[in-house]
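# Structural overview for review
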Amino acid sequence: MSADLRHIDTWLFDLDNTLYPAESGFMAEMVVRMTDYVEKVTGLPRDEAFRLQKAYLAEHGLTLKGMMLNHGVDPAEFHAIFHDLSLEALAHEPQLLAALERLPGRRLIFTNADDVHAERVLERLGLSHLFDDVFHIGSANYEPKPSPEAFALMSAAHSINPAVTAFFEDAERNLAPAAELGMTTVLVGAHAALSTAQFVHHRTDTLAPFLASAQLREAA
């Protein structure tokens, strides 16, 4: 059955592995560069650097946050390692473009990435013109999802009414604070069907068909 989203007029999307499939391998390339960076900064052997990177991600929601707190890393220096990453793995998806275009109301990006990365990815996907704004990690003063502070800052910046907001994410735990605020939550990705979390309201392995079939409010 199609999802009933007739109450929604603010559409909030994560970026990486949500607006493009994880199977593209693009995020995997980012992880390689993150591990390279952690290895360089800490001097740890690569396998230990990888474990530390994943530990910071699990603890803080973002590798960068752990690197800032424990190693004094400059976030601008950290983000710069991704700015020349090849975008060849990312492709235009006409079905997603059409599905996003039919959504009534505002469309926003809420990402733990920085503004340069978000701009590059959206431009590559051909979706830049469809979004009203990008709330990136710098906008959140480097407080990453799923931190309640990140959601509070984003909500304040865009006058979010949770009751009419849908949030789309590939990371299950990032949906918990959204649901607590009263947003409608949608888990995206090949793993979504396996989720049993009560704070996940809808699940889809692919974003475009879900949006294309959803029941929407009539345009004013």
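Everything that follows concerns the structure shown earlier in this document.
How each quantity is defined
- Per chain, residue numbering runs from 1 following the sequence as it is written.
- Totals for whole chains, interfaces and linings use all residues, but because this is a predicted model, local features are given only for residues with pLDDT of at least 70 and pairs of side-chain atoms are given and counted only at 80 or more.
- Hydrogens and water are ignored here; the side-chain numbers use all heavy atoms of the structure.
- Paired rings are identified among Phe, Tyr and Trp, the last through its six-membered ring, by centres lying within 6.5 Å, and are further divided according to the angle between planes into stacked (under 30 degrees), edge-to-face (over 60) and tilted (the rest).
- Labels follow the DSSP assignment, with helices taken as runs of H or I lasting at least four residues and strands as runs of E lasting at least two, numbered in each case from the N terminus.
- Burial classification: accessible surface area is computed with a 1.4 Å probe over protein chains only, and a residue below 20% of its type maximum counts as buried, one above 50% as exposed, and the rest as partly exposed.
- Here, the term nonpolar core denotes a set of buried Ala, Val, Leu, Ile, Met, Phe, Trp, Tyr and Cys residues that are joined through side-chain atoms within 4.5 Å.
- A pocket, in this scheme, is an open set of points on a 1 Å grid over the protein atoms alone with protein on both sides within 12 Å along at least 5 of 7 lines, while a cavity is a set where a 1.4 Å probe fits but cannot get out; residues line either one if an atom lies within 4 Å of a point.
- Grid points are joined across faces, edges and corners, and a volume is the space filled by probe spheres set on the points.
- In this classification, the charged set is Asp, Glu, Lys and Arg, the nonpolar set is Ala, Val, Leu, Ile, Met, Phe, Trp, Tyr, Cys and Pro, and all remaining amino acids, among them Gly, are polar.

Another point: the packing of aromatic side chains. All chains considered together, the criterion is met by eleven aromatic pairs. Taking the centre distance of 4.5 Å and the plane angle of 10° together, the rings of Phe13 and Phe168 count as stacked. A residue pair is termed long-range when its members are at least 10 positions apart, and Phe13 in strand E2 (residues 10–13) and Phe168 in strand E5 (residues 165–169) qualify at 155 residues. Phe13 sits in the buried class, given a relative accessible area of 0%.

We now examine the nonpolar core. Grouped together as the largest cluster of nonpolar side chains are 50 residues, with contacts concentrated most on Phe13, Leu19, Phe168 and Leu211. Among the elements that line this core, the one with the most residues is helix H1 (residues 26–42), at six residues. Counting 17 residues, the second-largest nonpolar core is a separate cluster that includes Phe110, Ala140, Ile160 and Phe167.

As a volume, the largest pocket reaches approximately 600 Å³. As for the largest pocket, its lining consists of 31 residues, of which Met27, Leu57, Gly61, Leu62 and Asn112 are closest to the centre. Elements represented by at least two residues in the lining of the largest pocket include exactly H1, helix H2 (46–60), helix H3 (63–71) and helix H4 (75–80). When its volume is computed, the second largest pocket comes out at roughly 210 Å³. Of the residues assigned to the lining of the second largest pocket, the class counts are nine nonpolar, five polar and four charged.

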